[in-house]
Amino acid sequence: MDLAHPFAVVTPTLDGDILAALALVEAAFTPGQLHRMLSQHSEDGIRRTLRRLDGQGIVSAERAGSAYLYRLNSTHLAAEPIIALAQMRQTLLSRIERRLGSWVPAPVYGAIFGSAARGAMRVDSDIDLLLVRPDECDRDRWDDLVATLAADVTAWTGNDTRVLEFGESEVLGTGRHEPVLKDVVSHGLTVAGKPAWLRRAITAKEPNDAPN
């Protein structure tokens with residue numbers, strides 16, 4: 001699946017992109033405003049699709065001067081599953097966060113990074129997950145937990161899951177030399193620990209300047 005276009009799971013059409021945009025906010029939009037948000041589609045195509053969705057009742061239209069404003073009809077029977085589809089990225093992050101929070105010990109830090117974090121996924125993209133392993137842990141148990149999580153994320157999404165691991169001491173000692181950690185600080189979606197911990201770790205000039 002493509003987390004930036006969640007409705008592609010059920011429909012590859014413009015309808016899905018419009019419903020995803022409307023489902024995530026309570027505001028109403030003109031076709032022109034939606035076109036600025038969905039610039040890969042034509043404004044005329046957006047206008048025609050909105051009329052069709054209005055005819056189905058899932059989108060409601062209201063006149064505002066010479067224009068029409070469109071919003072998701074939250075009372076429609078289909079609204080709840082549509083909102084759930086639109087929120088799939090956040091649902092995935094929440095599931096991973098809950099899973100990692102149940103580990104003993106929990107990761108020092110964890111984040112989704114790469115195309116899934118930047119909103120640049122394709123259907124066949126990997127989901128990249130960074131985990132910083134605590135120094136004090138049962139490695140066999142830890143490896144089992146990581147393997148199970150990777151398999152579950154793949155089952156939840158249909159995408160291959162790639163886990164990149166660093167040890168806590170490794171990040172504190174030499175993390176400032178790892179470009180991927182800088183990318184995580186800039187674009188990563190945190191699912192365990194505190195972003196400030198990783199930021200301090202990779203900006204420390206010397207190991208003894210690293211965070212405690």
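Analysis parameters
- Residues numbered from 1 in each chain as written.
- Predicted model: local features only at pLDDT ≥ 70, side-chain atom pairs only at ≥ 80, totals over all residues.
- Heavy atoms only, no water.
- Pairing = 2+ DSSP bridges.
- Helix = DSSP H or I, 4+ residues; strand = E, 2+ residues; numbered from the N terminus.
- Axes fitted to C-alpha atoms, helices over the stretch in contact; angles between N-to-C directions.
- Contact = heavy atoms within 4.5 Å.
- Phe/Tyr/Trp six-rings, centres within 6.5 Å; stacked < 30°, edge-to-face > 60°.
- Lys NZ or Arg CZ within 6 Å of the ring centre and 35° of its normal.
- Buried < 20%, exposed > 50% of the residue type's maximum accessible area, 1.4 Å probe, protein only.
- Patch = residues over 30% accessible without salt bridge, like charges linked within 9 Å, V, L, I, M, F, W, Y side chains within 5 Å.
- Areas by Shrake-Rupley, 256 points an atom, 1.4 Å probe, with all protein chains shown as cover.
- Salt bridge = Lys/Arg side-chain N within 4 Å of Asp/Glu carboxyl O.
- Lys, Arg positive; Asp, Glu negative; His and termini not counted.
- Charge placed at Lys NZ, Arg CZ, Asp CG, Glu CD.
- Core = buried A, V, L, I, M, F, W, Y, C linked by side-chain atoms within 4.5 Å.

Q: I'd like a rundown of the sheet that holds strand E6 (residues 189-192), residues and numbers included.
A: Overall, mixed pairing links the 4 strands, which are arranged E5-E4-E3-E6 in an open sheet. In the strand order of this sheet, the two ends are held by strand E5 (161-167) and E6, each with one partner. Strand after strand, the sheet turns through a mean of 25 degrees between neighbouring axes, direction not considered. Where strand E3 (residues 109-113) and E6 come together, 3 bridges link them in antiparallel fashion. Bridge assignment links Ile 112 to a residue of E6, and that residue is Leu 189. Lying on the sheet, helix H5 (residues 88-101) is in contact with E3, strand E4 (127-133) and E6; it crosses E6 at an angle near 30 degrees. Contacts from helix H9 (residues 179-187) reach E3, E4, E5 and E6 within the one sheet, and its direction differs from that of E3 by about 80 degrees.

Q: How would you explain the packing of aromatic side chains if you had to name every residue and give the values?
A: Counted according to the given criterion, the structure contains 1 aromatic pair. Judged by centre distance (5.1 Å) and plane angle (85 degrees), the ring pair of Trp 103 and Trp 142 falls under edge-to-face. Of the two residues, Trp 103 sits in the loop between H5 and E3 while Trp 142 sits in helix H7 (residues 139-157), which places them 39 residues apart along the sequence. Here the guanidinium or amino end of Arg 95 rests over the ring plane of Trp 156, the centre of that ring lying 5.1 Å away.

Q: Outline the pairing of E3, supporting the account with residue identities and numerical values.
A: Counted residue by residue, E3 has 5 buried out of 5 residues, so it is predominantly covered. What you see with E3 is no split at all: Tyr 109, Ala 111 and Phe 113 on one side and Gly 110 and Ile 112 on the other are buried throughout.

Q: Talk me through a negative patch on the surface; I want residue IDs and the actual numbers.
A: Together, Asp 138, Asp 140, Asp 143 and Asp 144 make up a negatively charged patch on the protein surface. Along the chain, the position of Asp 140 falls in helix H7.

Q: With reference to specific residues and values, describe the nonpolar core.
A: Core analysis: the largest hydrophobic core is formed by 23 residues, its most contacted members being Ile 96, Leu 100, Trp 103, Ile 112, Leu 131 and Val 191. The residues touching Leu 100, leaving out its near neighbours within four places in the chain, are Ala 106, Pro 107, Leu 131, Leu 149, Val 191 and Ala 192. Of all hydrophobic cores here, the second largest spans 21 residues; its members include Ala 20, Ala 21, Leu 72 and Ala 86.

Q: Describe the pattern of salt bridges, and please don't skip the residues or the numbers.
A: Taken as a whole and judged by the stated rule, the model has 10 salt bridges. When the shortest N-O distance is used, the salt bridge between Arg 47 and Glu 43 registers 3.0 Å. Taken together, the positions of Arg 47 and Glu 43, both in helix H3 (residues 43-56) and 4 residues apart, correspond to about one turn of that helix. Given the relative accessible area of 26%, Arg 47 is considered partly exposed. Since its relative accessible area comes to 30%, Glu 43 is described here as partly exposed. Of the charged contacts, one joins Glu 62 and Arg 71 as a salt bridge, the two residues approaching to 3.3 Å between their closest N and O atoms. A network of salt bridges, in which partner residues are shared, links Asp 126, Asp 160 and Arg 162.

Q: Can you tell me about helix H1 (residues 14-23), naming the residues and giving the values?
A: Residues spaced three or four apart along an α-helix face the same direction, because each turn holds 3.6 residues. Burial within H1 is extensive, with 10 of its 10 residues counted as buried. Within H1, burial applies to Leu 14, Asp 15, Gly 16, Asp 17, Ile 18, Leu 19, Ala 20, Ala 21, Leu 22 and Ala 23. The secondary structure elements touched by the buried residues of H1 are helix H2 (31-37), H3, strand E1 (59-64), strand E2 (67-72) and helix H4 (79-86).

Such coordinate-based values are descriptive only and should not be taken to indicate function.
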